[in-house]
Each structure stands twice: as structure tokens, then as C-alpha cells.
Amino acid sequence: MASAAAAGAPPGPAAPRGRHNRQSVTGTRKAVAALFLLPALVLLGALVVYPIGYSIVRSFYDNSGDGFAGVDNYKTLFTDDGIRTALKNNVIWVVFAPTVSTTLGLIFAVLTERVRWGTAFKLVVFMPMAISMLAAGIIFRLVYDQDPHKGVANAVWVGVHDTFAQSSAFPSAHPGRESPLEPDHGGFITAAAVHTGRAVALPLVGVAPDQMPHDARKAAAAEPQPGRITGTTWQDFTRGKGVGRLGAPDPSELGYAGMRIEAVKDGKVVASTRASGDGTFTLPASADGARLRLPASNFREPYNGVEWLGPALVTPAVIGAYVWMWAGFAMVLIAAGLAGVPRELLEAARVDGANEWQVFRKVTVPLLAPVLAVVAVTLMINVLKVFDLVYIIAPGSSQDDANVLALELYRKGFAEGRPGVASAIAVLLLVLVIPVMAFNIRRLRREVRR
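Residues numbered from 1 in each chain as written. Predicted model: local features only at pLDDT ≥ 70, side-chain atom pairs only at ≥ 80, totals over all residues. Heavy atoms only, no water.

### A closer look at the overall build of the chain
As a reminder of what qualifies: The helix count covers DSSP runs of H or I at least four residues long, the strand count covers runs of E at least two residues long, and both are numbered beginning at the N terminus. Note on exposure labels: buried denotes an accessible area under 20% of the residue type's maximum, exposed denotes more than 50%, and partly exposed covers the range between, all computed with a 1.4 Å probe on protein chains only. Whether two residues touch is decided by their heavy atoms; if any such pair falls within 4.5 Å, the residues are in contact. What sets the accessible areas is the Shrake-Rupley method with a 1.4 Å probe; for residues, cover comes only from the shown protein chains.
Within the chain, the secondary structure is distributed over 14 helices and eight strands. When its C-alpha atoms are laid out on the principal axes, the chain stretches across 155 × 75 × 40 Å. Classification of the 450 residues of the chain by burial places 37% in the buried group. In the chain, the share of contacts with a sequence separation of at least 24, taken over all contacts with a separation of at least 6, comes to 69%. Accessible surface, the chain as shown: approximately 26,000 Å² in total, 63% of it carbon and sulfur.

Here is the structure:
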């Protein structure tokens, strides 16, 4: 046999090499892969698949879980006022929250690319992501507080408003006993006409001592002047029983500094002035025979700002808190995509004569379209599940107006004891999320094929 081989005899048919090993190796790899995947599959089935399946089944049963309800729970989704309000608010959330967050993230990413302190700015904008929804809700509940002394939003709003239209220091002032004043369209006017050469007393009460203007001084009785009308307007109240004289300034009483006084004759204002620190004032001879009026502007209530958490603005206010948290997330992802944009294309557009706005709109944004789509779709899925912010920020009086599907699911399942309807809401949320997830998966597959 050795000589035959040496003589160059053709060898016989060779046995297939490695077939058994290949099957064995392949089989071993599948077993090992299944072994490693088994814990994840068990958790996936226990925490995802089973709850979804149970929710679908439970949505066809009544509240007790014993009787088959058919599609009655799904009919409730479109007839219950609370669920319809939640569905409407979810549409508002899906349209505006991702759009505003993505837009702000794009603006921040583009602008901070050219400044030296851009990294620090990105850190500050991204920092709210480190805060839980619970903490963010508590923060913004305080930010939106109606009291300008507590709520930052109203403190700023009131400050801007008062810059252009200051409120009065005497909102609660009114005539006291034996006063010569009578009501007049929110203000007060003298019952009789006044004449030159005489001093007029215009006493008021009702302003707390600590609410008097800072420039108010001790009230003084005005001296009559020929050819002029003089007078005093002051806080005609002295602490203590039987202390002070009614209708005349006492040493402890303060003048209404800054009070506006108008002389009205035949329905027209013929003269006007403001009281000095001690409450005294002087009007010219043209005011002779007129009635003195303290107009309503003296008694304007202080502006307390906007009712951010009222029925009309509660949803935009909560969306604002969400944008504060997630704009940083959008900015970081968009900035990462922007770093991969070829600079040659941007420079070429500038060389061709495009200005910065045209470069941004026609070059930068189209190149960032895949990243913008990822951010927007991710935020859409996220806002469909929003619960914490609405539950914490919206007060009980306007929570119905801020309601969303996730919150309504909680209320139906736990507060109202209607688990069948709650399960139907959960299935509805799943149905709403599936198209968005399918779009995202298809887009990712197209990116991989490229």
C-alpha cells in the first residue's frame, strides 16, 4: 500500500472532513446562546409579555374580573369625559413637547458650537436630566405658585408688569365715619363742590400701617391760600379707644403720599395733583366750584400675576417643566450628530455665497435630519407615558384639566376601582406607541443598510 502511494496511485474518495465537528460546534453555539439568553427571556416574559397579555385579557372583563364585559370598557374610552380630556391633552403633548424640546436642543447645539464656554452651557442645560420627575415636579410646583413672593414665574411677571403699570399703595382704603366722600366708579368724590381760599379734608381709613408708602410722613393740616384750593388726605385712624380727633390729622396719623386728586367740573377734569408725603395738596384757581375726586387708580388692587396652574394654562405650564428637563437630552444628541457633519459642505455653502441662516436651513438641518428624527420619536414615546409631572404639578382644582392617559389609567385603576377600564387605557397606550416604535425601527434598519 505504501508502494502504491509512492507510485502515485490516485487516492480513494476522501471522507468529508469536519462535518461532524461543524455540526457539533454549531449546535454547541446555539445551546450556549440559548443558555445565555434564557435569563433575559424569562425576565422579558415575566415583566413585559405577561403584563401585556394579562392587560389585554383583563380589558374584556368587568370591574370584578368575573364577568365578561366584551368591548364595553373600550366604549368607555370614547364616552367618559375624563378619558376624552386626557386623550386631547395627550395629543397636545405629542405635538408640542417633542417639537419644542427638539427645536431648543437644535438651537442650543448649533449656537454653543461656536463659543468657548459652550461645554459649560451644555452641562447646565443637561443638568435637569439628573433630576427625577418627582423632584422636577416639586420644583415647578413652587415656580408656578400664585403668590409672587413664592413663585419665581409670577415674581418675574409681576415685576415686568409693575414696571409699566404700578399698582396702588391704597387698595383697601375707603371713607370712614362722617366723611365728605362718597363712592364714584371705583373711586370717591366729594359730595359738595369746593372753593378757593378754603382747606379741604379728605380722610380715609382701611390701610394697615405697614402697608403705607415708604415716603409717607405725619399728616399735616393744610393752610388755606387765596386763589387756591388746599387740603389733606390722610389715614384718619389712631390706635386706642377714644384717642384722636375724627376728621382732623393727629400726630400719629400718616398722610396718603402720592394720592392722586382730580378737580371735576361738569364731568370733566379741570385740574389734578398728587398729595405730598404729609398728605397735603394744592389745586389752582381753575378748580374753584369743582368736586374733588380720588380716582379709581388710587385703589387698584395689586397685580398678582398669571394663574399658571389654573384650568386654562395648566397643560402648557406642565409642558414647560417637561421641556426644561428634556431640552438638554435633545441638545446632547443633536450636538453629537453635528460633530459628524462634514465641515467641507458648510464651508462650500459659504463660499457659494450662502449666509449663516441659509447654511443652517438648507445644509445643517437636512444633514441632521436622521438625528432630529431619533430625538423627536424618542420624545414622542416618552410623552405618551408622562405621569409624574402632571400628578405633582397640577393642583387638585385643575388636575382634571391637565389630565393625560397615564394619569387617568392610575385614577381609574386605583382611585375609582375600575381595573377593566384601566386595562383598556393601557392597551390604548400600547396601540398608540406601536406605530411610533415601528417607524423608529424601520428608520434604523434603513440606516444600517446604508
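### What to know about the sheet that holds strand 7 (residues 280-283)
Condition: Pairing between strands is defined by DSSP: at least two bridges between them are needed. Lines are fitted to the C-alpha atoms to define the axes, a helix being fitted only along its stretch in contact, and any angle between axes, read from their N-to-C directions, falls within 0 to 180 degrees.
Spatial ordering of the open sheet is given by 3-4-7, a layout of three strands whose pairing is mixed. Here the strands that pair on one side only, and so sit at the sheet edges, are strand 3 (199-204) and strand 7. Going from strand to strand, the sheet's axes swing by 25 degrees on average, the running direction of each strand aside. Two strands pair when backbone bridges link them, and strand 3 and strand 4 (residues 229-235) are joined in this way by six bridges, in the parallel orientation. For Leu202, the partnering residue across the bridge sits in strand 4 and is Thr233.

### A few points about unusual backbone geometry
The backbone of Glu178 shows a phi angle near 55 degrees, a positive value even though the residue is not glycine. By the secondary structure assignment, Glu178 is in the loop between helix 7 (152-164) and strand 1 (181-184). Since its relative accessible area comes to 72%, Glu178 is described here as exposed. Here the phi dihedral of Asp266 falls at roughly 55 degrees; this positive angle occurs in a residue that is not glycine. With respect to the secondary-structure elements, Asp266 resides in the loop between strand 5 (260-265) and strand 6 (268-274).

### Notes on the packing of aromatic side chains
Heads up, the condition is: What counts as a ring pair is set by centres within 6.5 Å for rings of Phe, Tyr and Trp (its six-membered ring), and what kind of pair is set by the plane angle: stacked under 30 degrees, edge-to-face over 60, tilted for all other angles.
For the structure on display, the rule yields 20 aromatic pairs. Considering the side-chain rings of Phe140 and Tyr144, the 5.7 Å spacing of their centres and the 45 degrees angle between planes classify their relative orientation as tilted. In this structure an aromatic cluster arises from ring pairing among Phe140, Tyr144, Trp157, Trp308 and Trp324.

### With respect to the sheet that holds strand 1
The strand order across the open sheet formed by five strands is 1-2-8-5-6, and the pairing between neighbours is antiparallel. Each having just a single partner strand, strand 1 and strand 6 make up the two edges of the open sheet. For this sheet the average axis-to-axis angle between neighbouring strands, irrespective of direction, equals 30 degrees. Both strand 2 (residues 187-190) and strand 8 (residues 291-294) contribute to a ladder of two bridges, which runs antiparallel. Note that in strand 8 the partner of Ile189 across the bridge is Arg293.

### Examining the pattern of salt bridges
Spelled out, the test is: Any carboxyl oxygen of Asp or Glu that lies within 4 Å of a side-chain nitrogen of Lys or Arg is treated as forming a salt bridge with it.
The tally for this structure, following the rule as stated, stands at 14 salt bridges. Note that Asp81 and Arg84 form a salt bridge whose closest N and O atoms lie 2.7 Å from each other. Of this pair, Asp81 and Arg84 both sit in helix 4 (residues 81-112), separated by three residues, roughly a single helical turn. A relative accessible area of 53% means that Asp81 is categorised as exposed. Using a relative accessible area of 44% as the deciding quantity, one classes Arg84 as partly exposed. Glu113 is the salt-bridge partner of Arg343, the closest N and O atoms lying 2.5 Å from each other. In this pair, Arg343 is assigned in helix 9 (residues 343-351) and Glu113 in the loop between helix 4 and helix 5 (118-126), connecting sequence segments 230 residues apart. Under the relative-accessibility criterion, Arg343 is labelled partly exposed at 33%.

### Regarding the environment of Leu367
Relative to the assigned elements, Leu367 resides in helix 10 (residues 356-367). Judged by its relative accessible area of 37%, Leu367 is partly exposed. As for Leu367 and Val318, which are separated by 49 residues in sequence, their C-alpha atoms are 32 Å apart. Excluding its chain neighbours within four sequence positions, the residues that come into contact with Leu367 are Val341 and Leu345.

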